[in-house]
Amino acid sequence: MKLGIVGLPNVGKSTLFNSLTKAGAESANYPFCTIDPNVGIVPVPDERLKVLTDLYQSEKTVPAVIEFVDIAGLVKGASKGEGLGNQFLSNIREVDAIVHVVRCFEDSNIIHVDGSINPLRDIETINLELIFSDLEILERRISKVARGAKNDKALAKELDLLERLKSHLEDGKMAKTFVTEDEDELVWLAEYNLLTYKPVIYAANVDEDSLADDGESNEFVQQVRAFAKEENSEVFVICAQIEQEIAELDDAEKTEFLEALGLTESGLEKLIRASYRILGLISYLTAGPKETRAWTITAGTKAPQAAGKIHSDFERGFIRAEIVTYDNLIECGSYNAAKEKGLVRSEGKEYVVQDGDVVLFRFNV
């Protein structure tokens with residue numbers, strides 16, 4: 001899973017990136033501190049992996065990972081060259097979802113590029129820049145497709161879609177609100193890799209006081225939540241400064257620190273849950289003496305395709321999947337004990353893998 005972090009300058013983007021990835025991206029109180037994109041890979045916290053590693057005495061543990069890409073802050077007029085321009089958006093075209101950091105705190109010591117705190121205005125500024133960037137992509141595609149559309153029905157159909165989509169964006173609307181049920185058009189829409197077609201998770205960056213009640217008493221957070229609800233986006237509340245402090249602690253200290261703040265999970269854990277929800281992802285597990293590992297798949301994936309995540313041979317030569325739920329396995333204390341109780345199932349090609357399934361694939365090529 002790959003997530004791109006966007007936002008205005010000085011909203012806490014790079015501070016958040018640093019705390020999530022411990023990558024040490026430069027973070028300072030002046031606009032355009034980030035020029036080259038910062039990339040960091042983060043393991044997905046999953047307590048089940050440690051338990052399975054101990055149970056199987058695995059030599060290594062391999063968690064699922066998320067790749068974060070942090071780009072330079074955008075300002076109004078970036079598409080026309082304001083600030084550092086919008087060329088950095090090309091660095092996040094390949095991401096699965098966008099994390100949009102929005103400033104929801106007052107602090108006279110930290111400059112806001114527009115002079116005041118207004119999260120909805122800030123969101124609109126970024127969204128317009130994403131739209132302008134997508135329009136450039138569409139215009140290039142239209143130019144290419146138009147040349148052959150006169151003599152090719154498929155290209156003529158695609159050209160019609162492109163022109164309708166361009167008009168939709170020119171009205172200030174995001175590509176994800178463009179409605180079509182035509183299967184060809186849905187395939188093309190996915191292929192264009194438009195930024196405004198990607199799912200969005202809003203990171204409401206608050207002060208420490210607002211963190212304790214998850215932003216319930218923060219009017220800026222409430223505005224962001226209302227906006228996100230209308231467009232079916234996710235929101236999570238974070239204090240980038242606190243996250244940076246958490247990032248320096250070991251697991252025991254982290255738990256103690258979170259408890260002292262009245263919190264049960266870190267911002268990274270909130271973000272991961274939001275990412276899995278909005279992208280419809282789950283994790284299944286494999287375990288053995290050599291390694292215990294989490295594999296991320298889309299909810300609804302059938303057993304052969306889930307096996308293909310491990311290796312294409314597993315999918316090609318799929319015979320069956322032997323499955324025990326994580327809870328049943330831990331309750332029984334061993335795979336053999338679960339098998340004796342009839343809790344290990346043999347599933348075929350139509351089985352839909354569930355979150356927390358511990359799977360052993362049988363295959364032959």
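What counts, and at which threshold
Residues numbered from 1 in each chain as written. Predicted model: local features only at pLDDT ≥ 70, side-chain atom pairs only at ≥ 80, totals over all residues. Heavy atoms only, no water. Helix = DSSP H or I, 4+ residues; strand = E, 2+ residues; numbered from the N terminus. Buried < 20%, exposed > 50% of the residue type's maximum accessible area, 1.4 Å probe, protein only. Contact = heavy atoms within 4.5 Å. Axes fitted to C-alpha atoms, helices over the stretch in contact; angles between N-to-C directions. Parallel < 35°, antiparallel > 145°, perpendicular 65-115°, else oblique. Nonpolar A, V, L, I, M, F, W, Y, C, P; charged D, E, K, R; others polar. Patch = residues over 30% accessible without salt bridge, like charges linked within 9 Å, V, L, I, M, F, W, Y side chains within 5 Å. Areas by Shrake-Rupley, 256 points an atom, 1.4 Å probe, with all protein chains shown as cover. Salt bridge = Lys/Arg side-chain N within 4 Å of Asp/Glu carboxyl O. pLDDT = per-residue confidence, 0-100. Arc of directions from axis to C-beta. Polar contact = N/O pair within 3.5 Å; in protein donor to acceptor, adjacent residues only side chain to side chain. Pairing = 2+ DSSP bridges. Core = buried A, V, L, I, M, F, W, Y, C linked by side-chain atoms within 4.5 Å.

Colleague: For the overall build of the chain, give the residues involved together with the corresponding values.
Modeller: Counting secondary structure elements, the chain contains 14 helices and twelve strands. Counting every position in the chain, which comprises 365 residues, the buried fraction comes to 48%. The long-range share in the chain, meaning contacts at least 24 apart out of those at least 6 apart in sequence, stands at 69%.

Colleague: Go over unusual backbone geometry, please, and point to the residues and values.
Modeller: One non-glycine residue, N193, adopts positive backbone phi at about 60°. Using a relative accessible area of 22% as the deciding quantity, one classes N193 as partly exposed. Positioned with a positive phi, N232 is a non-glycine residue whose angle comes to about 55°. When you line up the elements, N232 lands in the loop between α7 (219–230) and β7 (234–238).

Colleague: Talk me through the packing of helix α3 (residues 119–149) against α7; I want residue IDs and the actual numbers.
Modeller: Between two packed helices, the angle of one axis relative to the other and the distance separating the axes together describe the packing. Two elements in contact, α3 and α7, have axes separated by 9 Å at closest approach and are oriented at 45°. Judged by the angle between their axes, α3 and α7 are oblique. Note on element contacts: α7 touches α3 through F220, Q223, V224 and F227, opposite P119, L120, I123 and N127. Split by residue class, the contact of α3 with α7 holds six nonpolar, two polar and no charged.

Colleague: Please give an account of a nonpolar patch on the surface that cites residues and values.
Modeller: Together, V51, L55 and I330 make up a nonpolar patch on the protein surface, roughly 180 Å² of accessible area in all. Mapping V51 onto the fold places it in helix α2 (residues 47–56).

Colleague: Could you give an account of the confidence of the model for the chain, naming the residues involved and the relevant values?
Modeller: The predicted model of the chain averages 86 in pLDDT, with 88% of residues at 70 or higher. Helix α1 (residues 13–21) is the least confidently modelled element of the chain, averaging 79 in pLDDT, while helix α11 (residues 303–308) averages 97, the highest of any element. Under a pLDDT of 50 for its full length, residues 23–35 has, in the predicted model, 36 contacts with residues more than four places off or in other chains. Under a pLDDT of 50 for its full length, residues 81–85 has, in the predicted model, eleven contacts with residues more than four places off or in other chains.

Colleague: Mind laying out the environment of G267, listing which residues take part and the relevant values?
Modeller: Secondary-structure assignment places G267 in helix α10 (residues 267–279). Between the C-alpha atom of G267 and that of I246, which follows or precedes it by 21 residues, the distance is 9.4 Å. Beyond its immediate stretch of four places on either side in the chain, G267 contacts F236, I238 and E243.

Colleague: Quick one: what's the story with helix α5 (residues 183–191), residue by residue and with numbers?
Modeller: For α5, the set of buried residues is E185, W188 and L189. Viewed end-on, α5 has its buried residues packed into an arc of 105°, placing them on one side of the element. Pointing more than 90 degrees away from the buried face of α5 are the exposed residues E183 and E191. At its buried positions, α5 is contacted by α4 (153–170). Sitting at the head of α5, D182 places a side-chain oxygen 2.9 Å from the backbone nitrogen of D184. Just beyond α5, the residue with positive phi is N193, at close to 60°.

Colleague: Can you lay out the pairing of β7 for me, pointing to particular residues and giving the numbers?
Modeller: Looking down a regular strand, the side chains alternate between one sheet face and the other. With four of five residues buried, β7 is to be regarded as a mostly interior element. Direction of pairing for strand β6 (residues 200–205) relative to β7: parallel, over a ladder of five bridges. Residue Y202 lies in a different strand from β7, and its bridge partner there is V235.

Colleague: Please set out the sheet that holds strand β5 (residues 97–103) residue by residue, giving values where relevant.
Modeller: On the basis of which strands lie adjacent, the open sheet formed by six strands has the order β2-β4-β1-β5-β6-β7 and mixed pairing. This sheet does not close on itself; its edge strands, each paired only once, are β2 (38–43) and β7. The sheet shows a mean angle of 25° between the axes of neighbouring strands, direction not considered. In the packing of α7 onto the sheet, contacts are made with β5, β6 and β7, and the angle to β7 comes to roughly 160°.

Colleague: So what's going on with the nonpolar core? Residues and values would help.
Modeller: With 66 residues, the main nonpolar core has F68, C104 and L271 as its most contacted residues. Of all hydrophobic cores here, the second largest spans 18 residues; its members include L161, L165, M174 and L194.

Colleague: Before we move on, could you go through helix α9 (residues 251–260) and cite the residues and values that matter?
Modeller: Burial of α9 is sparse: only one of the ten residues sit out of reach of the surface. Its side-chain oxygen 3.2 Å from the backbone nitrogen of A252, D250 forms the N-cap of α9. Looking one or two places after α9, you find G262, whose phi comes out positive at around 75°.

Colleague: I'd love a proper account of the pattern of salt bridges, names of residues and values included.
Modeller: Applying the stated criterion across every chain, the model contains 26 salt bridges. Salt-bridge contacts for R277 lead to E234; the nearest nitrogen and oxygen are separated by 2.8 Å. Within this pair, whereas R277 is found in helix α10, its partner E234 is found in strand β7, the two being separated by 43 residues in sequence. Given the relative accessible area of 47%, R277 is considered partly exposed. In the salt-bridge network here, residues are joined through shared partners; they are D214, E216, R225 and K270.

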